[in-house]
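# Observations on the three-dimensional arrangement
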Amino acid sequence: METKIYVTPENDPRDYVDYDLCGYPFNKKYPPNKKRYGQSYEGYSNKALGVLLYDYCVMGYDVELSYKGKSYFLMDDGEGVVSDSNYTERKEVYDSPMALVENFKIDGKTLLELSPEIEDIDPV
């Protein structure tokens, strides 16, 4: 029988995640600004940033995105992984999802730099 360990504010090992007063996690390295951007993209300026910085880095969802007609698949298994469409092949591996978002490059730009140009992105 596999024991499931749940992440809490007390045992979360990720240094880029913090918790608000209600216990909800947020990205403390790139904090959302809900006063400026509202709730639509989790407090970020565009959907891509919301999905990358919140859904992927904080919540741990895998992500599918397309840029210039090519699809990319990002997996969070504790590490940040660029994968195939079945999420079985590990093409590039980074220490964490945050490291992937900051360092994985397409056309010489990181995902943070490309975020306004990403054509489609969704957590899966």
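Above this text is the structure in question.
Description of the structure in this document.

Thresholds applied
Residues numbered from 1 in each chain as written. Predicted model: local features only at pLDDT ≥ 70, side-chain atom pairs only at ≥ 80, totals over all residues. Heavy atoms only, no water. Helix = DSSP H or I, 4+ residues; strand = E, 2+ residues; numbered from the N terminus. Rg over C-alpha atoms; globule rule 2.2 N^0.38 Å. Contact = heavy atoms within 4.5 Å. Core = buried A, V, L, I, M, F, W, Y, C linked by side-chain atoms within 4.5 Å. Buried < 20%, exposed > 50% of the residue type's maximum accessible area, 1.4 Å probe, protein only. Polar contact = N/O pair within 3.5 Å; in protein donor to acceptor, adjacent residues only side chain to side chain. Phe/Tyr/Trp six-rings, centres within 6.5 Å; stacked < 30°, edge-to-face > 60°.

### Let's talk about the overall build of the protein chain
In terms of helices and strands, the protein chain carries four helices and nine strands. Against the 2.2 N^0.38 benchmark of 14 Å for 124 residues, the protein chain shows a C-alpha radius of gyration of 15 Å, consistent with a compact globule. For the protein chain, the spread of C-alpha atoms along the three principal axes comes to 45 × 40 × 20 Å. When contacts within the protein chain are restricted to residue pairs at least 6 apart in sequence, those whose partners lie at least 24 apart make up 41%.

### What to know about the nonpolar core
In this structure, Leu65, Leu74, Leu100, Phe104, Leu111 and Ile121 are the most contacted members of the largest nonpolar core, which totals 30 residues. For this core, the secondary-structure elements that each account for two or more residues are strand S1 (17-19), helix H2 (47-56), strand S3 (63-67), strand S4 (70-76), helix H3 (97-103) and helix H4 (111-114). Take this core: its biggest share by element is seven residues, from H2. Residues within four places of leucine 74 in sequence aside, it is in contact with Leu52, Tyr56, Asp62, Val63, Leu65, Val81, Val82, Tyr87, Leu100 and Leu111.

### Quick look at the side chain of asparagine 46
With respect to the helices and strands, asparagine 46 occurs in the loop between helix H1 (34-37) and H2. Residue classification places asparagine 46 among the buried positions, given a relative accessible area of 15%. At a separation of 3.5 Å, a polar atom in the side chain of asparagine 46 contacts the side chain of serine 115. Apart from residues lying up to four places away in sequence, asparagine 46 is in contact with Tyr41, Ser115 and Pro116.

### Quick look at unusual backbone geometry
With the exception of glycine, the majority of residues adopt a negative phi angle, and the majority of peptide bonds are in the trans configuration. Residues other than glycine seldom take positive phi values, yet glutamate 42 does so here, at roughly 60 degrees. Position of glutamate 42 relative to the elements: it lies in the loop between H1 and H2.

### Observations regarding the packing of aromatic side chains
The final tally for this structure, using the stated rule, is two aromatic pairs. Look at tyrosine 72 and phenylalanine 104: their rings are 6.1 Å apart centre to centre, the planes differ by 65 degrees, and that puts the pair in the edge-to-face class. A residue pair is termed long-range when its members are at least 10 positions apart, and tyrosine 72 in strand S4 and phenylalanine 104 in the loop between H3 and strand S7 (105-106) qualify at 32 residues. Aromatic pair phenylalanine 73 and tyrosine 87: ring centres 5.9 Å apart, planes at 85 degrees, arrangement edge-to-face. In this pair, phenylalanine 73 sits in strand S4 while tyrosine 87 sits in the loop between strand S5 (80-83) and strand S6 (90-94), placing the two residues 14 residues apart along the sequence.

Worth remembering: the numbers are spatial, not functional.
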